Amino acid sequence: MIVCKFGGTSVASAEQIKKVFNIVKSNPERKIVAVSAPGKRSNEDIKVTDLLIDLATAALEGGDVEAKIDTVVKRYEDIAVGLGLDDTMSKIIADDLRARVAGDQSNKELFIDNIKASGEDNNAKLIAAYFNLAGIPARYVSPKEGLVVNDLPERTFALPEAYENLAVLKDSEEVVIFPGFFGYTKEGILRTFDRGGSDITGSILASAVSADLYENFTDVDCVFSANPKVVNNPAEIKEITYREMRELSYAGFSVFHDEALMPVYKQGIPVTIKNTNNPSAPGTRIVPSRTTGQDRPVTGISADSGFSILYVSKYLMNREVGFGRKLLQIIEEENISYEHTPSGLDDISVILRSCQLTDEKEERILKRVSEELHADYVDFRHGFSMIVIVGEGMRRNTGLAARAAKAISMTGANIEMINQGSSEVSLVFGVEEHHGDQILKSLYTEFFSAVTV
Ligand code: ASP
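Calculation rules
Residues numbered from 1 in each chain as written. Predicted model: local features only at pLDDT ≥ 70, side-chain atom pairs only at ≥ 80, totals over all residues. Heavy atoms only, no water. Axes fitted to C-alpha atoms, helices over the stretch in contact; angles between N-to-C directions. Helix = DSSP H or I, 4+ residues; strand = E, 2+ residues; numbered from the N terminus. Parallel < 35°, antiparallel > 145°, perpendicular 65-115°, else oblique. Contact = heavy atoms within 4.5 Å. Nonpolar A, V, L, I, M, F, W, Y, C, P; charged D, E, K, R; others polar. Pairing = 2+ DSSP bridges. Near = heavy atom within 4 Å. Polar contact = N/O pair within 3.5 Å; in protein donor to acceptor, adjacent residues only side chain to side chain. Areas by Shrake-Rupley, 256 points an atom, 1.4 Å probe, with all protein chains shown as cover. Phe/Tyr/Trp six-rings, centres within 6.5 Å; stacked < 30°, edge-to-face > 60°. Lys NZ or Arg CZ within 6 Å of the ring centre and 35° of its normal. Buried < 20%, exposed > 50% of the residue type's maximum accessible area, 1.4 Å probe, protein only. Right-handed = clockwise from strand over helix to strand, strands pointing away. Expected span 1.5 Å × (residues − 1). Arc of directions from axis to C-beta.

## Here we look at the packing of helix H4 (residues 88-101) against helix H5 (residues 108-134)
Where H4 contacts H5, the axes come no closer than 10 Å and their chain directions differ by 170 degrees. As summarised for this structure, H4 and H5 are arranged roughly antiparallel, according to the angle between their axes. For the pair H4 and H5, contact is made by Met89, Ile93, Asp96, Leu97, Arg100 and Val101 and by Phe111, Asn114, Ile115, Ala117, Ser118, Asp121, Asn122, Lys125, Leu126 and Ala129, respectively. Grouping the amino acids of the contact of H4 with H5 by side-chain chemistry returns nine nonpolar, three polar and four charged.

As structure tokens, then:
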């Protein structure tokens, strides 16, 4: 059995949904289909999820929401008309959206979640109606039927019982159309995953029904070994391990949500990334281990900006028991997660995603580190990129770090931080943001230009 997930651009219009139908029809193993909200139809278009966030924010601010509701409903109406559905479904969608907008606003986050999730929920209902009309018996299944998630305030994740509950879907007579992106707490409160979270839903479903394969349909033929917007014509990745994919999606490979690997990884279910607009292309396979690509140590290079460094120095830091714990606790108490902690004898850097910081948080952290930890020096530095070189073959390769450092030095950039995880599957360089693209190009030339994949 195959679980497939179709992303926003794959379900953005009637024309796209017809492609989805044909893909599902062409293989009877495709029994469970997770869908996103309608995404962009062109570069200038706006994703329905973004329209919904805008609508929810306006509602919270007491603004006029009528025009915003109409814009969203119109998107679905256009799709319904294009699919030859009568107006029943558009009415259901309009009523549903209005009910959500009139809902409880006492918790802003949950109010926004509820409106945001209507994008996927209503699209799933609409797609199920079309499948039935066009000849595939299909059934919309609500995440209420088992996708149980945790309560606030932690980020949303599926509870273990979700997998048990959803296992029954494998016996469904009809094709299951399941909205991505959200679940319900035990008390029945709707919560969404992070942006791009329909990938996570698909993975949870694949794991719950012990699928043979999880197919993730998007709008590119495959995962590339570097960002094609920066590197000209990068090599296509045919096969990649979970670990490699995890490392690459951490730093900017947005093709597949990094959290989505966990449920399938636990069961060793392979994933393929495929293109709805070109389904016969083989795509990229994400597998537990691989035999291909042994000829090259590096599988991919990613780069992501938006990092800050908390730099702390204190003489004899290395002898002070508990210094690291106390420092990380201060960060924890501001509800901030960290990425890396490279350190020297008397200093340590904590690398964080800048989006988690505010002026107030920074001020409090600096004050506490100075006063409670008696640091000699502490500051925040902003505007860094993390460049990540990833490959299972790196472990067996001598001199790889030297080659990478040389390629970086050729751009004139200074390396602010180097981190090689113990697994040796990745090597991370922290650099000033404005050097990011040049470095990516230089590293790509070093590791890929002479290689045929
Ligand atoms: N529609 C949601 C988003 O835009 C979730 C998804 O498409 O995966 O983030």
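## Topic: the sheet that holds strand S14 (residues 347-353)
Here five strands make up an open sheet; going across it, the order is S14-S13-S15-S17-S16 and the pairing antiparallel. Two strands bound the open sheet, and with one partner strand each, they are S14 and strand S16 (417-420). In this sheet, adjacent strand axes meet at a mean angle of 30 degrees when their direction is disregarded. Judged from the eleven bridges that link them, strand S13 (residues 300-313) and strand S15 (residues 377-390) form a sheet pairing that is antiparallel. Bridging from a neighbouring strand, Leu310 pairs with Phe380 of S15. Contacts from helix H10 (residues 323-333) reach S13 and S14, with the element oriented near 25 degrees to S14.

## Considering the site of the ligand
Residues in close proximity to the ligand include Ser36, Lys47, Thr49, Glu120, Phe181, Arg195, Gly196, Gly197 and Ser198, which together make up its full environment. At a separation of 2.9 Å, an oxygen atom of the ligand approaches a polar side-chain atom of Lys47. A distance of 3.0 Å separates an oxygen atom of the ligand from a polar backbone atom of Ser198. Summarising the interface, the protein chains cover 96% of the accessible area of the ligand, which totals 260 Å² for the free molecule. The residue inventory of the shell around the ligand, partitioned by class, reads one nonpolar, five polar and three charged.

## Observations regarding the packing of aromatic side chains
For the coordinates displayed, the defined rule picks out eight aromatic pairs. For the ring pair Tyr242 and Tyr265, a centre distance of 5.3 Å and an interplane angle of 90 degrees mean the geometry is edge-to-face. Remark: Tyr265 occurs in helix H9 (residues 261-267) and Tyr242 occurs in helix H8 (residues 242-250); sequence separation between them is 23 residues. With 6.2 Å between their ring centres and 55 degrees between their planes, Tyr311 and Tyr377 make a pair best called tilted. One end of the pair, Tyr311, is in strand S13; the other, Tyr377, is in strand S15, with 66 residues separating them in the sequence. What links up through ring pairs into an aromatic cluster is the set Phe21, Tyr130 and Phe131. A cation sits over an aromatic face here: Arg381 above Tyr311, 4.3 Å from the ring centre.

## Here's the deal with the sheet that holds strand S12 (residues 284-287)
Pairing is mixed in the open sheet, where eight strands are placed in the order S3-S4-S2-S1-S7-S11-S12-S10. Taken across any chain shown, the strands that pair with only one partner, and hence form the sheet edges, are strand S3 (138-140) and strand S10 (239-241). For this sheet, the mean inter-axis angle between neighbouring strands, taken without regard to orientation, is 20 degrees. Of the pairings in the sheet, the one linking S3 to strand S4 (residues 175-179) comprises three bridges and is parallel in character. Counted as the bridge partner of Ala138 is Val175 from S4. Those strands touched by helix H7 (residues 198-208) are strand S1 (2-6), strand S2 (30-35), S4 and strand S7 (213-218), and its axis lies near 160 degrees from that of S7.

## What to know about the pairing of S2
One face of the sheet, then the other: side chains in a regular strand alternate in exactly this way. The element S2 is largely enclosed, with a buried count of five among its six residues. Regarding topology, helix H1 (residues 14-25) serves as the crossover connection from S1 to the parallel S2, and that connection is right-handed. Two strands pair when backbone bridges link them, and S2 and S4 are joined in this way by four bridges, in the parallel orientation. Each residue of the ladder has a partner; that of Val35, found in S4, is Pro179.

## Let's talk about helix H3 (residues 66-82)
Here H3 is 17 residues long and its end C-alpha atoms lie 24 Å apart, about the 24 Å a rise of 1.5 Å per residue gives. Within H3 the residues assigned to the buried category are Ile69, Val72, Val73, Arg75, Tyr76, Ile79 and Ala80. Projected down its long axis, H3 carries its buried residues within an arc of 140 degrees, all on one side. Exposed and facing more than 90 degrees away from the buried side of H3 are Ala67 and Val81. Lining the buried residues of H3 we find H1, helix H2 (48-60), H4 and H5. Taken from the residues just after H3, Gly84 is the one with a positive phi, measuring 75 degrees.

## What to know about unusual backbone geometry
Here Leu152 and Pro153 are connected by a cis peptide whose omega angle stands at 5 degrees. Tracing the backbone shows Pro153 in the loop between S3 and helix H6 (160-166). You will see that Ser210, though not glycine, has its phi angle at about 50 degrees, which is positive. Within the secondary structure, Ser210 sits in the loop between H7 and S7. Positive phi, normally seen in glycine, also occurs at His374, with a value near 50 degrees. Note on His374: relative accessible area 53%, which makes it exposed.

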